[in-house]
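Working through the structure, step by step
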Amino acid sequence: MRTHRPVTLGEFIVDKQNEFRYASGELSQLLTSIRLAAKVVNREINKAGLADILGAMGSENVQGEKQMKLDVYANDIFMEALKNLGEVCGVASEEEDDFVIFNDEMHKDSNYVVLMDPLDGSSNIDVNVSVGTIFSIYRRVTPSGTPVKLEDFLQPGNKQVAAGYVVYGSSTMLVYTTGHGVNGFTLDPSIGVFCLSHPNMRVPEDGKIYSVNEGNYVHFPEGVKKYIKYCQENDPATNRPFTSRYIGSLVSDLHRNLLKGGIYFYPRGTKAPNGKLRLLYECNPLAFIIEQAGGKASDGKNRIMDIDPTELHQRVPYFIGSTKMVEKAEEFIQQFGD
Ligand code: AHM
Ligand code: MG
């Protein structure tokens, strides 16, 4: 595409739709609903600091609606946006106990399911720190025309047809892949349009940043403890000690490491036998992104995207980022155990 002005996300989606191996308009429609919902959620997040002073007028907002927690609000907005177009036959969300079936006339013949974490890191909102949305898109495996089933959602990450995230940060970005590299778009708030700002994103093969909640150190497996010590050791030949950076907002931590090179990990620990992060809503979509950007994601031993899920809200230990850093962490786990 040749143009003298920024390429918008809408234009980019249409331009690239032939890369998609199924009916080309479907994915475009789906991404269109996601980008619209992202803008609406972004608007609410930007107003989050005002909640208290508006709340002083009562527990209702200016439209007379009850104030809603932002993660519930984001869930509703994304659900609604996905339902408003006919491409999706079911959605599973971190905010819902079970998956939601869209089975009316408009949706029953559609071929896609979406899994999402509508507002990841929501505990950060009160302190004005970045949060994110994560989404993952699959073709259904059961016949179209029938209600979606659990097996449509319990697919390994390697079956994803698209995935992405939105980071609501100092600027708001939408980053996604359909398996042909990774592209990032920044929202221009003055015109409400996402513009291509980060074409063909590549994560550095190696990095200097490690991101982990070190407060859990005593609970970590021996291999992880040893890897953290390795990150802290002094060795100018390998750029160590590394820099520790942990926002506690997975999307933001991953986004920074994707741009600068680094590793994020949330290992198992005695408090959390499988770590904290959810395979389907958080780990798989971000693994698809990082692999498409040239990086790596594993549970310490196995590729994240090859894990066969057994339940919707399954948690897994997670190591993601620059290939060499993830491989080094795996070496320690291999040697000292997890
Ligand atoms: P959430 O989906 O309930 O927001 O939890 C996921 C978040 C991640 O964004 C973040 O990396 C992690 O939890 C932080 O957890 P902790 O506070 O245990 O370090
Ligand atoms: Mg989350």
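Please refer to the structure placed before this passage.
Residues numbered from 1 in each chain as written. Chains lettered and ligands numbered in written order. Predicted model: local features only at pLDDT ≥ 70, side-chain atom pairs only at ≥ 80, totals over all residues. Heavy atoms only, no water.

So, about the site of ligand 1. Taken together, 16 residues lie near ligand 1, and Asp-120, Tyr-246, Leu-250, Tyr-264 and Tyr-266 sit nearest. Gly-121 has a polar backbone atom sitting 2.8 Å from an oxygen atom of ligand 1. Leu-250 places a polar main-chain atom, nitrogen or oxygen, 2.7 Å from an oxygen atom of ligand 1. Within the complex, 80% of the 470 Å² of free accessible area of ligand 1 lies under protein. One can see that ligand 1 is located within the second largest pocket. Elements with a contribution of two residues or more to the shell around ligand 1: strand E3 (112-120) and strand E11 (262-266). Here the shell around ligand 1 is composed, by residue class, of 5 nonpolar, 5 polar and 6 charged. (Near = heavy atom within 4 Å. Polar contact = N/O pair within 3.5 Å; in protein donor to acceptor, adjacent residues only side chain to side chain. Areas by Shrake-Rupley, 256 points an atom, 1.4 Å probe, with all protein chains shown as cover. 1 Å grid on protein atoms, 1.4 Å probe; cavity = no way out; pocket = protein on both sides within 12 Å on 5 of 7 lines; lining within 4 Å. Sits in = over half its atoms within 2 Å of the grid points. Helix = DSSP H or I, 4+ residues; strand = E, 2+ residues; numbered from the N terminus. Nonpolar A, V, L, I, M, F, W, Y, C, P; charged D, E, K, R; others polar.)

This brings us to unusual backbone geometry. Cis geometry marks the peptide bond from Arg-240 to Pro-241; its omega dihedral reads 5°. Even without a glycine there, the phi angle at Asn-128 is positive, about 60°. Here Asn-128 lies in the loop between E3 and strand E4 (131-139). Residues other than glycine seldom take positive phi values, yet Asn-239 does so here, at roughly 65°. Within the secondary structure layout, Asn-239 lies in the loop between helix H6 (222-232) and strand E10 (243-244).

Applying the stated criterion across every chain, the model contains 12 aromatic pairs. Relative to Phe-185, the ring of Phe-12 lies with its centre 5.1 Å away and its plane at 70°, an arrangement referred to as edge-to-face. Pair noted here: Phe-12 is in helix H1 (residues 9-16) and Phe-185 is in strand E7 (residues 182-188), with a separation of 173 residues, a long-range link. Overall, the relative accessible area of 8% leaves Phe-12 in the buried class. Pairwise contacts between aromatic rings join Tyr-227, Tyr-230, Phe-242, Phe-265, Phe-319, Phe-332 and Phe-336 into one cluster. Above the ring of Phe-336, the side-chain terminus of Lys-226 is found at 4.7 Å from the ring centroid. (Phe/Tyr/Trp six-rings, centres within 6.5 Å; stacked < 30°, edge-to-face > 60°. Buried < 20%, exposed > 50% of the residue type's maximum accessible area, 1.4 Å probe, protein only. Lys NZ or Arg CZ within 6 Å of the ring centre and 35° of its normal.)

For the α-helix, the turn length of 3.6 residues means that residues three or four positions removed from each other point alike. Across its 14 residues, helix H4 (residues 70-83) extends 20 Å between first and last C-alpha, which sits within 8% of the 20 Å expected from 1.5 Å per residue. By the burial criterion, the buried members of H4 are Leu-70, Asp-71, Tyr-73, Ala-74, Asn-75, Ile-77, Phe-78, Met-79, Ala-81 and Leu-82. (Expected span 1.5 Å × (residues − 1).)

Moving on, we get to the side chain of Asn-216. Along the polypeptide, Asn-216 turns up in the loop between strand E9 (209-211) and H6. Relative accessible area serves as the criterion here: at 12%, Asn-216 is assigned to the buried category. In this view, Asn-216 contacts Tyr-266 and Lys-271; residues no more than four positions away in its chain are not counted. (Contact = heavy atoms within 4.5 Å.)

On to the packing of H6 against helix H9 (residues 323-336). Their axes nearest at 7 Å, the elements H6 and H9 cross at an angle of 135°. Between H6 and H9, the interaxial angle falls into the category oblique. Judged by the twist between their axes, the crossing of H6 over H9 is right-handed. Taken together, the residues of H9 that come into contact with H6 (itself represented by Glu-222, Gly-223, Val-224, Lys-226, Tyr-227 and Tyr-230) are Met-325, Lys-328, Ala-329, Phe-332, Ile-333 and Phe-336. For the contact of H6 with H9, a count of residues per class yields 8 nonpolar, 1 polar and 3 charged. (Axes fitted to C-alpha atoms, helices over the stretch in contact; angles between N-to-C directions. Parallel < 35°, antiparallel > 145°, perpendicular 65-115°, else oblique. Left-handed = near helix turned anticlockwise from the far one by under 90°.)

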